[in-house]
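Listed here are the chains, written in short residue letters.
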Amino acid sequence: MVKILGIESSCDDTGAAVLNNHTLLSNVVAGQQVHKAYGGVVPELASRAHQQNIVPVVDVALKNAGVAKQELDAIAYTKGPGLMGSLLVGASFAKALALALDIPLIEVNHMQAHVLANFIETPGESYHPPSFPFICLTVSGGHTQIVLVNDHLKMEVLGQTLDDAAGEAFDKAAKMMELPYPGGPLIDKFAKQGDPHLFEFPAPHAPGLNFSFSGLKTSFLYLLRAQTAMDSMFVSKFRNDLCASYQYAIIRVLLDKLCLASEQTGIKEIAIAGGVSANSGLRNALKECALRYGWNIYIPKMEFCTDNAAMIAVTGYYKYLVKDFADASSAPAARYPF
Ligand code: KG4
Ligand code: ZN
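Each residue is numbered by its place in its chain's sequence as written, counting from 1. Chains carry letters and ligands carry numbers; both start at the beginning, A for chains and 1 for ligands, and go up in the order they are written. Totals for whole chains, interfaces and linings use every residue, but because this is a predicted model, local features are given only for residues with pLDDT of at least 70 and side-chain atom pairs only at 80 or more, for both listing and counting. Just so you know, side-chain values use all the structure's heavy atoms and leave hydrogens and water out.

## Let's talk about the site of ligand 1
Throughout this document, a residue counts as near a molecule or strand when at least one of its heavy atoms sits within 4 Å of that molecule or strand. What surrounds ligand 1 is a group of 19 residues, the closest being Gly 141, Asp 171, Asp 188, Gly 275 and Asp 307. With respect to ligand 1, the side chain of Asp 171 contributes an N or O atom lying 2.6 Å from an oxygen atom. At a separation of 2.9 Å, a nitrogen atom of ligand 1 approaches a polar side-chain atom of Asp 188. Considered on its own, ligand 1 offers 550 Å² of accessible surface; in the complex 90% of this is hidden by protein. Most atoms of ligand 1, that is more than half of them, are within 2 Å of grid points of the largest pocket. The helix and strand labels rest on DSSP assignments: H or I over at least four residues marks a helix, E over at least two residues marks a strand, and numbering proceeds from the N terminus. Listing elements by their share of the shell around ligand 1, those giving two or more residues are helix 3 (110-116), helix 4 (166-176) and helix 5 (184-191). Throughout this entry, Asp, Glu, Lys and Arg are counted as charged residues, while Ala, Val, Leu, Ile, Met, Phe, Trp, Tyr, Cys and Pro are counted as nonpolar. The remaining residues, Gly among them, count as polar. By residue class, the composition of the shell around ligand 1 is five nonpolar, eleven polar and three charged. Annotation comment: domain bounds sourced from an automatic or database domain assignment. Taken domain by domain, the shell around ligand 1 gets at least three of its residues from each of domain 1 (3-122 + 304-321) and domain 2 (134-300). The definition of a polar contact used here is a pair of N or O atoms within 3.5 Å, where within protein one atom must be able to donate a hydrogen and the other to accept one, and adjacent residues in sequence count solely through side-chain atom pairs. For accessible areas, the Shrake-Rupley method is used with a probe of radius 1.4 Å. Any residue's cover is judged against the shown protein chains and nothing else. Buriedness for pockets is judged along seven lines, at least five of which must meet protein on both sides within 12 Å for an open set on the 1 Å grid over protein atoms alone, while cavities are sets there where a 1.4 Å probe fits but cannot get out, and lining residues have an atom within 4 Å of a point. Molecule-in-pocket calls rest on the fraction of atoms, with more than half required to lie within 2 Å of the cavity or pocket grid points.

Right under this line is the structure:
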């Protein structure tokens, strides 16, 4: 049995998790409320909050797991992509602890980890990970990708966003409606009471399996401007319908491309991952596609969709098996394609 400590600090969540092989022992995430007032993540504030949180978060993760640090076999940390000031905190901490304990240090790609969140086993719950090859739609605040997964560590990006990420499209529209950051979960909540067909948004055009969300965001802005000029209460009167219609437009794009990827590759094993995969509309729409097209679908538990360290630890486990270890020169990378 391999005991891995995972450390995540790429954006505004400080995470630590302990896994026994691919089985979860503990998963702790400290969010950062400080960004709410600014409508987005403020990198300098995120970095400072990681510094305050990292020691207690790791401490609680080890305690919850019932594992002493001397029992750890390796430490996996998020090398990138992400905010440099945030990444540096996790990287420095992971390097120092691995050195002190004299155990291997493992570099993890955050986007690869989102995909591998589908392989985390939770004790007492059924475990059916996807079989290879499968397609994963990874949708987060910083990325939107369709990934062909041939093996745990062999992945190929088939398509990605050419401008905004899906999560960004949610968050920016939420900001236009003066909802606090991050707006994705709030749009999801209000959309449940709204009419998804009341407002129509033009379908974005991006070639092949790529995405584009900036046009959608702009048409949302123009709608709000035009309508608010006539009725200053427009947003508050139609908030639920605006959320439902906008969310519907995003989900339609995501699923159209996922269908195309499945058609082109002939693969019917379909997974989703990343913060936006917590969206209830997307989860339901995916279930409908599964019935219609005979897909086997895989959706991580909510706590493994948004940023977390369990996904870093599980990726670390598969890298541990092939002895893919980092040396003392290991350093974070804000841009880090896989
Ligand atoms: O993966 P994640 O936690 O962090 C990044 O790596 O970016 O994703 C965060 C993104 C944010 O844009 C947030 O608004 C979005 O995921 N998000 C959601 C939902 N929950 C989180 N978007 C739509 N519906 C949700 N329920
Ligand atoms: Zn993420």
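Let's pick the thread back up.
## Observations regarding the sheet that holds strand 1 (residues 3-8)
Pairing is mixed across the open sheet formed by five strands, whose spatial order is 3-2-1-4-5. The open sheet has two edge strands with one neighbour each: strand 3 (23-30) and strand 5 (105-109). Each neighbouring strand pair of the sheet contributes to a mean axis angle of 20°, computed without reference to strand direction. Note that strand 1 and strand 2 (residues 14-20) share six bridges and pair antiparallel. Paired with Glu 8 across the strands is Gly 15, a residue of strand 2. In what follows, residue pairs with any heavy atoms lying within 4.5 Å of each other are defined as contacts. Axis definition: a line fitted to C-alpha atoms, limited for helices to the stretch in contact. Angles are taken between N-to-C directions and run from 0 to 180 degrees. Packed onto the sheet, helix 1 (residues 43-65) meets strand 1, strand 2 and strand 3 and runs at close to 25° relative to strand 2. What makes two strands pair is DSSP finding at least two bridges between them.

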